[in-house]
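What follows is each chain in one-letter form.
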Amino acid sequence: YSRQLEIWVQGDKTAGLEIYPVPAQTELMIQLAEPVSESLEIQISDLSGRQVLNQASQTEVGRLRLDLQAFKAGIYILQIKREDGRSHVQKLMVQP
């Protein structure tokens, strides 16, 4: 038996979540398909692989807001891990 890992990429509606606005400026919204509270592990890395954010967050009614005001303009990799083991990975652009 081996554990199966499912990964979704940008534009895949089966991930059960939506991320907006893209590109982002001062904040990023994460909307789950189901209006439930869920613990998410959020990781954001720059393109060199340096982790700039790693936090566990609790959604409220399926929604989570991330403050990006401290982020410099650029491209990042966003990874969201859900309680059920699913992961969502996508490129994130932050503009000034």
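The structure reproduced in this document is the subject of the present report. (Residues numbered from 1 in each chain as written. Predicted model: local features only at pLDDT ≥ 70, side-chain atom pairs only at ≥ 80, totals over all residues. Heavy atoms only, no water.)

Section: the sheet that holds strand β3 (residues 27–32)
Within a sheet, neighbouring strands are paired by backbone hydrogen bonds and run either parallel or antiparallel to one another.
For step 1, the next point in the chain: Strands sit in the order β2-β3-β6 across an open sheet of 3 strands; the sheet is antiparallel. At either end of the open sheet lies a strand with only one pairing partner, and these are β2 (17–20) and β6 (63–67). Going across the sheet, the axis of each strand differs from the next one's by a mean of 15 degrees, ignoring polarity.
For step 2, the next point in the chain: In the sheet, β2 pairs with β3 via 4 bridges, with the strands oriented antiparallel. Considered in β3, the bridge of Tyr20 is made with Met29. (Pairing = 2+ DSSP bridges. Helix = DSSP H or I, 4+ residues; strand = E, 2+ residues; numbered from the N terminus. Axes fitted to C-alpha atoms, helices over the stretch in contact; angles between N-to-C directions.)

Some words on the nonpolar core
For step 1, the next point in the chain: Counting residues in hydrophobic clusters, the biggest one holds 19 residues, and the most contacted among them are Leu28, Ile30, Ile42, Ile44, Leu78, Ile80 and Leu92.
For step 2, the next point in the chain: With near-sequence residues (within four places) excluded, Ile44 lies in contact with Arg50, Gln51, Val52, Leu53, Leu66, Leu68, Phe71, Tyr76, Ile77, Leu78 and Leu92. (Core = buried A, V, L, I, M, F, W, Y, C linked by side-chain atoms within 4.5 Å. Buried < 20%, exposed > 50% of the residue type's maximum accessible area, 1.4 Å probe, protein only. Contact = heavy atoms within 4.5 Å.)

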